[in-house]
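Analysis of the macromolecular model
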Amino acid sequence: MRLLCLSNGHGEDIVAVRILEQLQRLPNADEISALPLVGEGYAYRQRDIPILGRVRKMPSGGFVYMDNRQLWRDIQGGLIQLTLAQYKVVKKWGQSGGMVLAVGDVFPLLLAWLSGANYAFVGTAKSEYYLRDEVGWLPQTSRFERWMGSVYLPWERWLMTRKRCKGVFPRDRLTTEVLQSYSVPAYNFGNPMVDDITPPSPKVISDADLDAEEVRPLIILLLPGSRPPEAYRNWEIVLEGGKSVISTFKRKRVVFLSAIAPSLDPSILTEILQKKGWTEQPSGQIIDNLVPDDHESLSFRQENATLILTQNSYQECLYSADVAIAMSGTATEQFVGLGKPVFTLPGTGPQFTPSFAEAQTRLLGVSVILTQPSEVGSQLQALLKNPDHLQLITQNGKLRLGQPGSALKITQFLLSHLQ
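These notes cover the structure that comes with them. (Residues numbered from 1 in each chain as written. Predicted model: local features only at pLDDT ≥ 70, side-chain atom pairs only at ≥ 80, totals over all residues. Heavy atoms only, no water.)

Considering the overall build of the protein
- Of the regular secondary structure elements, the protein holds 17 helices and 13 strands.
- Sorting the 419 residues of the protein into buried and exposed places 55% on the buried side.
- The contacts in the protein between residues at least 6 apart in sequence include a share of 67% that link residues at least 24 apart.
- When the accessible surface of the protein is summed, it comes to about 18,200 Å², and 53% of that surface belongs to carbon and sulfur atoms. (Helix = DSSP H or I, 4+ residues; strand = E, 2+ residues; numbered from the N terminus. Buried < 20%, exposed > 50% of the residue type's maximum accessible area, 1.4 Å probe, protein only. Contact = heavy atoms within 4.5 Å. Areas by Shrake-Rupley, 256 points an atom, 1.4 Å probe, with all protein chains shown as cover.)

So, in structure tokens, the structure goes:
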């Protein structure tokens, strides 16, 4: 099999890598390559997956659809030339007899169709949960959206129903069922986003647990996003949310785990921490072995709280944390998939705008609480006193993100249908 994978974003790259890693383990995967349409493809490089064509980081980080001003900045940064170069790579690949896997939204899907090759599509960007749930349409869904019938627009569905499109893999069961009603060859294989991140027995903390175990700290995950410079602005906002928690839980030990992306500069984050009143601790004083495999972790103290900054223990942070304060996309969804609650805070963009944050609450349902930084502490306190709501959040995470193992199912489908 000769396969070229197209993806358009950091989160999409991660999803694509999970599938390609499964393919690489098979003896008949002759040639697997990738073309990241947004960014420099760090996830592919980390796994030694060859990258074809030019890659370039755009000023918007790939979020031109959220802010028209970003589009002009990207055009000035060479967006048109880059897109033309990417089209030529994809067209040449199709002419050589290769297949295409598109991961993300309509842009890689369109390029896959233009390649002239057989293709498949992993839809990570859209879900029917933006418009409806299992009961029916959401109140904020417009008449026009209801008339369109699906979160996927008619021209997107057209691309999915072409003869060369061998399979579509939506992110959840609800979206799969709606697309199937439009004769799209959609399959509910789950979401690769949660592959390899589900611990054997996910725990949900409660206020009673904290009271019963005085030595047990309240563990909070901080997720500022992965794209600079926006992530640095988000970091300040997330820390304000953490400050609210410290003020509310004065009698309890609080640990913040800051799982930051490799694309971010720890020295900038450290400088912001110090301005916010955090004091760096001597190396080696990382408590409770929460990030045991990361000897480069940094530790900070403020009042009754400890903050651990790590770039190498992402999964351990997801497993250990009870709740998250987040301004991110993929990481938030993965945490919700573990059945845990997230407090999300609106930012200034280009990705994490108030509209993006509001849309995320529709996508992920009761698992995500949209609030202001100053309200995180009091809302978290109320949540921990409501075990029924916590149980609902656990169930909702499994419903919205599905079970792990989808990458293998997609791989098996590609081998049997795409060649």
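Anyway, onward from the coordinates.
Quick look at the packing of aromatic side chains
- One pass over the full model with this rule turns up 11 aromatic pairs.
- Aromatic side chains Tyr 187 and Phe 413 sit 4.7 Å apart centroid to centroid with 55° between the ring planes, which places their arrangement in the tilted category. Linking Tyr 187 in the loop between α8 (173-180) and α9 (207-212) with Phe 413 in helix α17 (residues 406-417), this pair joins segments that are 226 residues apart in sequence.
- A residue is classified by how much of its surface remains accessible, and Phe 413, at 6% relative accessible area, is buried.
- Taken together, Phe 169, Tyr 187, Phe 189 and Phe 413 form an aromatic cluster joined through their ring pairs.
- Positioned above the aromatic ring of Trp 137 is the side chain of Arg 132, whose terminal nitrogen or guanidinium carbon lies 4.1 Å from the ring centre. (Phe/Tyr/Trp six-rings, centres within 6.5 Å; stacked < 30°, edge-to-face > 60°. Lys NZ or Arg CZ within 6 Å of the ring centre and 35° of its normal.)

Quick notes on the pattern of salt bridges
- In this structure the tally under the stated criterion is 9 salt bridges.
- Among the salt bridges present, the one from Lys 276 reaches Glu 240, with a minimum N-O distance of 2.9 Å. Here the residue Lys 276 occupies a position in the loop between α11 (266-275) and β8 (279-280), and Glu 240 occupies one in helix α10 (residues 230-248), the gap between them amounting to 36 residues.
- Of the residues examined, Lys 276 reaches a relative accessible area of 29% and is grouped as partly exposed.
- Its relative accessible area of 30% is what places Glu 240 among the partly exposed residues. (Salt bridge = Lys/Arg side-chain N within 4 Å of Asp/Glu carboxyl O.)

Overview of unusual backbone geometry
- The omega angle of the peptide bond from Pro 228 to Pro 229 is 0°, so this bond is cis rather than trans.
- As for its placement among the helices and strands, Pro 229 is situated in the loop between β6 (218-223) and α10.
- Positive phi values are uncommon outside glycine, yet Ser 183 reaches one of about 65°.
- Secondary-structure assignment places Ser 183 in the loop between α8 and α9.
- Phi at Glu 303 takes a positive value of approximately 55°, unusual for a residue other than glycine.
- Examined against the element boundaries, Glu 303 turns out to sit in the loop between β9 (298-302) and β10 (305-310).
- Here Glu 303 falls in the exposed class, since its relative accessible area comes to 61%.

Section: the sheet that holds strand β1 (residues 2-7)
- Strands sit in the order β2-β1-β3-β4-β5 across an open sheet of 5 strands; the sheet is parallel. Looking at the sheet topology across the chains shown, the edges are occupied by β2 (31-36) and β5 (165-169). Looking at each pair of strands side by side, their axes are set apart by 15° on average, direction ignored.
- Sheet topology places strand β4 (residues 119-123) next to β5; 4 bridges connect them, and they run parallel. Across the sheet, the residue bridging to Tyr 119 is Cys 165, located in β5.
- In the packing of helix α1 (residues 10-24) onto the sheet, the strands contacted are β1, β2, β3 (99-104) and β4, and the crossing angle to β1 comes to about 165°. (Pairing = 2+ DSSP bridges. Axes fitted to C-alpha atoms, helices over the stretch in contact; angles between N-to-C directions.)

Description of the pairing of β9
- Pairing of β8 with β9, which is carried by 2 bridges, proceeds in the antiparallel orientation. Considered in β9, the bridge of Thr 279 is made with Arg 301.
- Where β9 lies against β10, 5 bridges are found, and the strand directions are antiparallel. When the bridges of β10 are listed, Ser 299 appears paired with Ile 308.
- In textbook terms, the turn of a hairpin is the stretch between consecutive antiparallel strands, and for β9 and β10 this stretch comprises 2 residues, one of which, Glu 303, has a positive phi near 55°.

Overview of the sheet that holds strand β13 (residues 368-370)
- Taken together, the 8 strands give an open sheet; going across it, the order is β8-β9-β10-β7-β6-β11-β12-β13, and neighbouring strands pair in mixed fashion. Both outer strands of the open sheet, β8 and β13, are each paired with one neighbouring strand and no more.
- Where strand β12 (residues 342-344) meets β13, 3 bridges bridge the pair, whose relative direction is parallel. Its bridge partner lying in β13, Val 342 is registered against Val 368.
- This element, helix α14 (residues 354-364), spans β12 and β13 of the sheet and lies at about 155° to β13.

Considering the nonpolar core
- Membership of the largest hydrophobic core comes to 49 residues, with the highest contact counts inside it found for Leu 6, Met 160, Val 168 and Leu 221.
- Core analysis: the second largest hydrophobic core is formed by 39 residues, Ile 246, Trp 278, Val 323 and Ile 393 among them. (Core = buried A, V, L, I, M, F, W, Y, C linked by side-chain atoms within 4.5 Å.)

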